[in-house]
Amino acid sequence: MELKVFEDYPELSVAVATVIIECIRDNPHAVICFASGDTPRLAYQVVADMARKENINMQQCSFIGLDEWLGIPPDNAGSCHYFLQQLLFIPIGARPSQVYLFDAMTANEEEECEKMNNVIVAKGGIDLMIAGVGMNGHIGFNEPGTDIRSLAHVAVLDDTTRTVGQKYFRDKVVISKGITVGLKQVMEAKTLLMMANGQKKATVIRKAVEESISADFPASLIQQHPHAILMTDKEAASALATRIK
Ligand code: F6R
């Protein structure tokens, strides 16, 4: 695992955006899976800016949404769907046929997971996974204790995720379940880029990097990914005893 620490959130965001743009330049058919959340917000805005200024052709790429809050409709500004569409997919001019998002309103959760599994297989796997990390160490909605062999699945969200998750919603909502790309698919991504910023993530990042690898703290699995990059700002890296290169 490579660790890259940046001065601040804007520098981190530009670096992450650059990895995304470079991935697409290298492979115009790239399959990229995107987390939502506060962490990648600026990086996605920078991607949209870069794509416009540098006239990057993304027409052949496939874009996957990492996860979604079950039962939250796509027009709710707190949904992952809304976030990715507004911040990234609409600004870069992605066609609907390039975008694969979980349907949070599905009547058939199993089928929804199966659809995502089939997309990932049909596309030949995920080339680049852009992940954040939750306060409980989750990746996507792979909560602590998730089976490392899991494919797309519905997750019962733990207390931390339910509580922290309220920050995305203007009005209080009940968020009890999520639907997510599984840990196996995260770990099989050709490149796993995990990003974190801010002092509040310092302990999470220390645990992910310096404690034993365990699905009880899914972010620690990054240590055994064959091509992982952890990108943080200085604050999120501030509790690390060592700086891995
Ligand atoms: C959201 C997702 C989550 C977030 C994590 C961190 O799509 O995959 O795992 O990445 O909860 O959220 P923020 O970035 O808001 O701190």
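Structure shown above.
Residues numbered from 1 in each chain as written. Predicted model: local features only at pLDDT ≥ 70, side-chain atom pairs only at ≥ 80, totals over all residues. Heavy atoms only, no water.

**Q** Would you mind going over helix α1 (residues 9-26) with me for this structure?
**A** Think of an α-helix as turning once every 3.6 residues; residues three or four places apart then point the same way. In a regular helix each residue adds 1.5 Å, so 18 residues correspond to 26 Å; α1 covers 26 Å between its end C-alpha atoms and thus fits that length. Every buried residue of α1 is listed here: L12, S13, A15, V16, A17, I20, I21, C23 and I24. The residue sitting at the N-terminus of α1 and contributing the capping side-chain oxygen is D8; that oxygen lies 3.0 Å from the backbone nitrogen of E11. (Helix = DSSP H or I, 4+ residues; strand = E, 2+ residues; numbered from the N terminus. Expected span 1.5 Å × (residues − 1). Buried < 20%, exposed > 50% of the residue type's maximum accessible area, 1.4 Å probe, protein only. Polar contact = N/O pair within 3.5 Å; in protein donor to acceptor, adjacent residues only side chain to side chain.)

**Q** Please clarify how the packing of aromatic side chains should be interpreted in this entry.
**A** Centre-to-centre distance and the angle between the planes together describe a pair of aromatic rings. Applying the stated rule across the entire model yields 8 aromatic pairs. Taking the centre distance of 5.3 Å and the plane angle of 85° together, the rings of F34 and Y44 count as edge-to-face. Of this pair, F34 sits in strand β2 (residues 31-34) while Y44 sits in helix α2 (residues 41-53); the two residues are 10 residues apart in sequence, bridging distant segments of the chain. Each member of the pair F34 and Y44 is classed as buried. For the pair F34 and F89, a centre-to-centre distance of 6.0 Å together with 70° between the ring planes defines the contact as edge-to-face. Placement of the pair is F34 in strand β2 and F89 in helix α3 (residues 80-89), with a sequence separation of 55 residues. (Phe/Tyr/Trp six-rings, centres within 6.5 Å; stacked < 30°, edge-to-face > 60°.)

**Q** Teacher, can you tell me more about the site of the ligand here?
**A** Near the ligand you find 15 residues, and of these T39, D67, H138, Y168 and K201 are the closest. Contact distances for the ligand include 2.7 Å between an oxygen atom and a backbone N or O atom of S36. At 2.8 Å from an oxygen atom of the ligand is found a side-chain nitrogen or oxygen belonging to K167. Relative to its unbound accessible surface of 410 Å², the ligand loses 94% to contact with the protein. Applying the majority rule of atoms within 2 Å of the grid points places the ligand in the largest pocket. Per-class residue counts for the shell around the ligand are 4 nonpolar, 7 polar and 4 charged. (Near = heavy atom within 4 Å. Areas by Shrake-Rupley, 256 points an atom, 1.4 Å probe, with all protein chains shown as cover. 1 Å grid on protein atoms, 1.4 Å probe; cavity = no way out; pocket = protein on both sides within 12 Å on 5 of 7 lines; lining within 4 Å. Sits in = over half its atoms within 2 Å of the grid points. Nonpolar A, V, L, I, M, F, W, Y, C, P; charged D, E, K, R; others polar.)

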